[in-house]
Amino acid sequence: MNALQLLFNAVTIVFIAATMFAAGLGATLPALRAVFANVLLLVLVLVANLVAIPLLGWAVAALFGLPAAASIALLLMASSPGGPFGAKVGMMQDGDVVAGAAIQVLLAAIGSITIGPTVNVLLQVTNMGRGVALDVSTLMLTVAVLQLVPFAVGLIVRHYAPSTALSWHPMAGRTSNVTFLIVLAGMLVGNWRDIVALIGSRSLLAGFVFSALAFALGTALAVGPSERRTTMGAIAAVRNVGPALAAVGLGFGNDPAILGALAAVLLSGLAAAVPLAAVLSRRRAPPPHGDP
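Residues numbered from 1 in each chain as written. Predicted model: local features only at pLDDT ≥ 70, side-chain atom pairs only at ≥ 80, totals over all residues. Heavy atoms only, no water.

What follows is about the nonpolar core. Counting residues in hydrophobic clusters, the biggest one holds 48 residues, and the most contacted among them are Leu76 and Ile258. In this structure, Phe21, Leu42, Ile103 and Ile235 belong to the second largest nonpolar core, which totals 28 residues. (Core = buried A, V, L, I, M, F, W, Y, C linked by side-chain atoms within 4.5 Å. Buried < 20%, exposed > 50% of the residue type's maximum accessible area, 1.4 Å probe, protein only.)

Here it is in structure tokens:
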């Protein structure tokens, strides 16, 4: 692994940890308990992310007539909920950050278990079928270390030292923002050949449409104020690339065509979700001082 790849991996880790730490600093235990006590919200989110959106990925792949590699990449992403980018998109739209972070970590933990069986069923239905066996314990450890622990640390600081949490929160947010832009730039630079190779194909458009529809579906299958529902939409739209990459390595021998399609699906999905978040943020911005 070259130095640039090591640097990119390190920045990605900092981005994930900083995003979840900032979310924890902004959370409170009563607010968190309220999220997990909302049984209807939890049920709808689980149905959306573990059932409806994998089926949506299958439908989009069939609708666009994607080649095998792109179809497998889309199915893998659709079956892998709880991406940390989703929590970031929830922050960008001024949504319900506490609910978004809590639900995202929950989905990442559950998704590390369900991605294998879900993908296997979809591959068998579509006749693309090699079995995918994943190391669930490793995936769950990754979720715990990179997402759950930073969130829990931030939550503890907020509970026991609220003034410290409030003073640290802006810096954690800025770190998340800067590393988010670096990670996006690194993904574009590192995968530009794969993305250029897919220009003119339907794979990029399929990824964009899938993300936009997943955003709408996640928003529709949620309850509460609009900030919470659209945050659930952001969580649904941006999937967890880590388990998907593991599945490509274990089930498909790191097939370059699938890896390239996976990067394209992720980036085209962010191209749909990030502008949606920006529009929502502008709509929620307070009016200028003095305006009615």
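Locating threonine 179 in the fold gives a position in helix 8 (residues 162-190). For threonine 179, a relative accessible area of 9% gives the class buried. At 2.6 Å, the side chain of threonine 179 forms a polar contact with the backbone oxygen of threonine 175. The contact partners of threonine 179, leaving out residues within four places of it in the chain, are Val11, Val14 and Phe15. (Helix = DSSP H or I, 4+ residues; strand = E, 2+ residues; numbered from the N terminus. Polar contact = N/O pair within 3.5 Å; in protein donor to acceptor, adjacent residues only side chain to side chain. Contact = heavy atoms within 4.5 Å.)

Where helix 3 (residues 39-63) meets helix 6 (residues 97-125), the axes come as close as 10 Å, and the angle between the chain directions of the two elements is 35°. In terms of crossing hand, the pair formed by helix 3 and helix 6 is right-handed. Listed contacts from helix 6 to Leu42, Val45, Leu46, Asn49, Leu50, Pro54 and Trp58 of helix 3 are Ile103, Leu106, Leu107, Ile110, Thr114, Thr118, Leu122 and Val125. Of the residues in the contact of helix 3 with helix 6, the class split is 12 nonpolar, three polar and no charged. (Axes fitted to C-alpha atoms, helices over the stretch in contact; angles between N-to-C directions. Left-handed = near helix turned anticlockwise from the far one by under 90°. Nonpolar A, V, L, I, M, F, W, Y, C, P; charged D, E, K, R; others polar.)

Following the criterion strictly, the structure yields one salt bridge and no others. Ionic pairing is found between aspartate 96 and arginine 228, a salt bridge with its closest N-O pair at 2.8 Å. Here aspartate 96 is found in the loop between helix 5 (84-92) and helix 6, whereas its partner arginine 228 is found in helix 11 (residues 226-237), with 132 residues between them in sequence. Here aspartate 96 and arginine 228 have matching classes, each one buried. (Salt bridge = Lys/Arg side-chain N within 4 Å of Asp/Glu carboxyl O.)

A word on helix 6. The terminal C-alpha atoms of helix 6, which comprises 29 residues, lie only 37 Å apart, well short of the 42 Å expected from a rise of 1.5 Å per residue. Along helix 6, the largest kink reaches about 50° and is centred on threonine 114; proline proline 117 follows within four residues of it. With its phi angle positive at about 60°, asparagine 127 sits one or two positions after the end of helix 6. (Expected span 1.5 Å × (residues − 1). Bend = angle between axes of the 7 residues up to and from the residue.)

This next bit is on unusual backbone geometry. Positive phi values are uncommon outside glycine, yet aspartate 94 reaches one of about 55°. The residue aspartate 94 is located in the loop between helix 5 and helix 6 in this model.

Its 12 residues place the ends of helix 12 (residues 241-252) 15 Å apart at the C-alpha level, agreeing with the 16 Å of an ideal helix rising 1.5 Å per residue. Those residues of helix 12 that sit buried are Pro243, Ala244, Ala247, Val248, Gly251 and Phe252. For helix 12, the arc enclosing every buried residue in end-on projection is 145°, short of the 170-degree limit, so these residues lie on one face. In the stretch just after helix 12, glycine 253 is the one whose phi turns positive, near 60°. (Arc of directions from axis to C-beta.)

Another point: the packing of helix 12 against helix 13 (residues 256-284). At their nearest, the axes of helix 12 and helix 13 sit 11 Å apart, and the two run at 165° to each other. Between helix 12 and helix 13, the interaxial angle falls into the category roughly antiparallel. For the pair helix 12 and helix 13, the crossing hand works out as right-handed. Residues Val241, Ala244, Leu245, Val248 and Phe252 of helix 12 pack against Ile258, Leu259, Leu262 and Leu266 of helix 13. Along the lines of polarity and charge, the residues of the contact of helix 12 with helix 13 split into nine nonpolar, no polar and no charged. (Parallel < 35°, antiparallel > 145°, perpendicular 65-115°, else oblique.)

So, on to the packing of aromatic side chains. Going through the model one piece at a time under the given rule, you end up with one aromatic pair. On the numbers, 6.4 Å between centres and 40° between planes, the contact of phenylalanine 21 with tryptophan 168 is tilted. Of the two residues, phenylalanine 21 is situated in helix 1 (residues 3-25) and tryptophan 168 in helix 8; the sequence distance between them amounts to 147 residues. With a relative accessible area of 43%, tryptophan 168 lands in the partly exposed category. (Phe/Tyr/Trp six-rings, centres within 6.5 Å; stacked < 30°, edge-to-face > 60°.)

Turning our eyes to something else, we now look at the side chain of serine 112. Tracing the sequence through the fold places serine 112 in helix 6. Look at serine 112 and you get buried, because its relative accessible area is 1%. In terms of polar contacts, serine 112 uses its side chain to reach the backbone carbonyl oxygen of alanine 109, at 2.6 Å.

Looking now at the confidence of the model for the protein. Per-residue confidence for the protein gives a mean pLDDT of 83, with 90% of residues at or over 70. Here helix 9 (residues 192-198) stands out as the element of the protein with the lowest mean pLDDT, 68, in contrast to helix 3, whose mean of 94 is the highest. (pLDDT = per-residue confidence, 0-100.)

As a further point, take a nonpolar patch on the surface. Taken together, the side chains of Val39, Val43, Val47, Val51, Leu55, Trp58, Val121 and Val125 make up a nonpolar region of the molecular surface, amounting to roughly 680 Å² of accessible area. Among the secondary structure elements, those contributing two or more residues to the nonpolar patch are helix 3 and helix 6. Here the element with the most residues in the nonpolar patch is helix 3; it accounts for six residues. The topology assignment puts valine 121 in helix 6. A residue is classified by how much of its surface remains accessible, and valine 121, at 49% relative accessible area, is partly exposed. (Patch = residues over 30% accessible without salt bridge, like charges linked within 9 Å, V, L, I, M, F, W, Y side chains within 5 Å. Areas by Shrake-Rupley, 256 points an atom, 1.4 Å probe, with all protein chains shown as cover.)

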